[in-house]
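Spelled out from the first residue to the last, the chains are:
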Amino acid sequence: MTSAARLSPQKPAPTIDDLRVRLCYVCREEEEHGAPQPKRWVHPCSCTLIAHEACLLQWIKSAQESRDRSKNALKCPQCGARYQLESHNPPILRLLEALNRGISRAGTIVTVASLGGVVVTCAGGVYLLLASYGGVALKEYLGRRYFTFVLTDDPNSWSWATWLSLPLIPISLILSRLPLGTPSPTVPSTMLLLWSAVTPDEASSYFASHGILRYASIWPLTPAPLWPPSPTLICVCYPLVHSLYHAARRRLTHYVTEGRRSPLLLPPNVQRFLWAFGGDNGQHGARIDIMVQGDVEQPDVQQERDREQRLDGENNGEAAERTIRITGASLGRLLGGALVMPYIASAFGNALLGLSRRSHILRTILAVKESAPRTAYQWEMGFTPKDGGLVGAIERAARREGLPAPGIGGTLRILLRLLTFGHRAWIESDPVWWRNTLGLGLFIVLKDVIKVVHLWLAKQELESRHLKNRDFAGIDPKELDLVHPWPSVGSNISVAPRS
Amino acid sequence: MSSVYMRRLGKELMDIQCDGLPEGVRLLSADNMQSWFFTIQVLGQSLYEGEVFALEFRFDNSYPFSAPAVLFVKDRTYAPPIHPHVYSNGHICASILGDDWSPSLSVTAVCITLQSMLASCKEKKLPPGNDTYVRTAPDNPKKTRFVYEDDTCDPLLCVS
């Protein structure tokens, strides 16, 4: 109980409903007492400022977007009283936000660590790092057995082509995570899956070509393995699947955050990057996402956004979605997320394999080959081709096998098949790569589901926000423009703001 | 919400036309809802006695949820005041135009604050690092992140 309330027991302090004219301090609109369709008004502080609740909530939201301004978000600009914000904030949302913050923090650590690593190691170190990462990632993705067959565990026997392509794996993985507007994950998937056809080691290129020949001579007699789909088919279909999935995800996200369907044709995917290492505003990941997708604009990107708005009409939310803020944490999340992908794929692939022991259907889908094919490994290892390249190798292998030389047309046909289906060792091996690919897809879907749920919960929280209303205790009713006259409580009352 | 922005600016313009502006401030032009121009001079005794400056307010549809971009005009007729918080390109380092902005402030309130900022000036000098800032400054002063301290200004150019 405040002193003001105690001194005037006959009538409580006037409230916002007793004002004759209400003036919103945010939008400056006035509303007469008894307006036909009154908006929700609040008086959340200890002075005379009042506002539409919607306006004030929007201000709080926009102020909370920036770390420097957020200190003023819940403070009355006139009397400095703190607004009391009430909202439905379920434990699961708090958990998700905490998780998100944790990941961001981990992202910051990854950024700091990798920056330190880059500074400390020289270019050669970076190169070695990339190459060994590429090797390890490849081993994870293709399976140890196949990796050992193609590359061997001894880096000394790797050819220059291997040394050239391995470092490109992490680079392409990272590039694929940058939303550059193209379905760029095609690049790493191609890089990983081309190993089905290309065996850059000189030693294994011999075996491969040897394999090709057997394969080519056997091929017309044996039916093509329709399942799992060939890597080339996947690389070709990937952009389509990718863009369909993304379109679906964007529409779902739009539906969840905006509560209505998005137009079928979304504006082209233009990306801009804002480098903001100094100020990391990611206090509430998902909430900020919703905020930028909503009406409130971020001041930093305002000008560009305006230009863009003029270009594509409305839908500033979409434009905001396409502006990427690069902060220390987000960079770390990006790098860490990219590099951990092969491991996630392998973990999920293994999980799928485990599950497939119980499900026959899953086993068929994964095309698990429990028993390792002998043929793939029984090629006479130990030969090294002297010269002649792939064509020469094919011809020499043909001679050795006692088969007619395939000629140029035949060689081309063999090469084409090689590129389309992979070589025999690939086809006959247990398709670890396939279940890893499916596993990665599963992971991406799971991750996106969690993201959408997070967005949805955060949106529910935003929508359930209310500001606690207070009466005008402590303010002389004479200062207020009231509908009905109010007994004056005298001037000896000290202002006692309620807590 | 652009509708809030239009309604609120319309209201402010109406108030200016009905109730007038504080002494020393005059409306030069408010032809559209993107930029308004005012002239401003310091009344009474001050270092800027007799000088007239022009202020430009740039609004976008985040107004009043974020501050308008306010700068002193620099052209043939007007020059920015020499003041430790005003860069020679007209950019102003004032916390109410950045982190301390609140929708309870208005165009008139900003004018009054800037007037008193000029009036209380003790020494006509440019902010430290003026040349460097002016060389690299973005067109829109809101893209500069200023660090607000009592006496000095420190622009952090982090967003471009």
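Analysis parameters
- Residues numbered from 1 in each chain as written.
- Chains lettered and ligands numbered in written order.
- Predicted model: local features only at pLDDT ≥ 70, side-chain atom pairs only at ≥ 80, totals over all residues.
- Heavy atoms only, no water.
- Helix = DSSP H or I, 4+ residues; strand = E, 2+ residues; numbered from the N terminus.
- Buried < 20%, exposed > 50% of the residue type's maximum accessible area, 1.4 Å probe, protein only.
- Contact = heavy atoms within 4.5 Å.
- Core = buried A, V, L, I, M, F, W, Y, C linked by side-chain atoms within 4.5 Å.
- Phe/Tyr/Trp six-rings, centres within 6.5 Å; stacked < 30°, edge-to-face > 60°.

The name given to chain B in an unreviewed UniProt entry is UBC-like protein, with Vararia minispora EC-137 as the source organism.

(A) Molecular detail of unusual backbone geometry. Of note, the amide linkage connecting Tyr63(B) to Pro64(B) takes the cis form, showing an omega dihedral of 0 degrees. For Pro64(B), the location among the structural elements is in the loop between strand E3 (53-58) and strand E4 (69-72). Unlike most non-glycine residues, Arg28(A) shows phi in positive territory, near 65 degrees. Following the sequence through the fold, Arg28(A) ends up in the loop between strand E1 (21-23) and strand E2 (30-32). Overall, the relative accessible area of 15% leaves Arg28(A) in the buried class. Unlike most non-glycine residues, Ala367(A) shows phi in positive territory, near 55 degrees. Within the secondary structure layout, Ala367(A) lies in the loop between helix H16 (360-366) and helix H17 (374-377).

(B) Spotlight on the side chain of Thr253(A). Residue and element names in this part refer to chain A. By the secondary structure assignment, Thr-253 is in helix H10 (residues 231-258). You can call Thr-253 buried: its relative accessible area is 10%. Not counting residues within four places of it along the chain, the set of residues in contact with Thr-253 comprises Val-452 and Leu-455.

(C) Highlighting the nonpolar core. If you look at the biggest cluster of nonpolar residues, it comprises 65 residues, and the most contacted ones within it are Leu56(A), Tyr83(A), Trp36(B), Phe38(B), Leu55(B), Phe57(B) and Ile92(B). Those elements that place two or more of their residues in this core are strand E3 (41-42) and helix H2 (53-64) of chain A together with helix H1 (2-19), strand E2 (35-40), E3, E4 and helix H2 (107-119) of chain B. Apart from residues lying up to four places away in sequence, Trp36(B) is in contact with Leu9(B), Glu12(B), Leu13(B), Ile16(B), Ser29(B), Ala30(B), Leu55(B), Glu56(B), Phe57(B), Phe59(B) and Val107(B).

(D) Representation of the packing of aromatic side chains in the model. Inspection of the entire model under this criterion finds ten aromatic pairs over all chains. Aromatic side chains Phe348(A) and Phe443(A) sit 5.5 Å apart centroid to centroid with 65 degrees between the ring planes, which places their arrangement in the edge-to-face category. Remark: Phe443(A) occurs in helix H21 (residues 432-463) and Phe348(A) occurs in helix H15 (residues 341-356); sequence separation between them is 95 residues. Where Tyr48(B) meets Phe53(B), the ring centres are 5.8 Å apart and the plane angle is 80 degrees; that geometry is what we call edge-to-face. The pair Tyr48(B) / Phe53(B) is uniform in exposure class, with both members buried. Among the aromatic residues, those joined into a ring-pair cluster are Trp36(B), Phe38(B), Phe57(B), Phe59(B), Tyr63(B) and Trp101(B).

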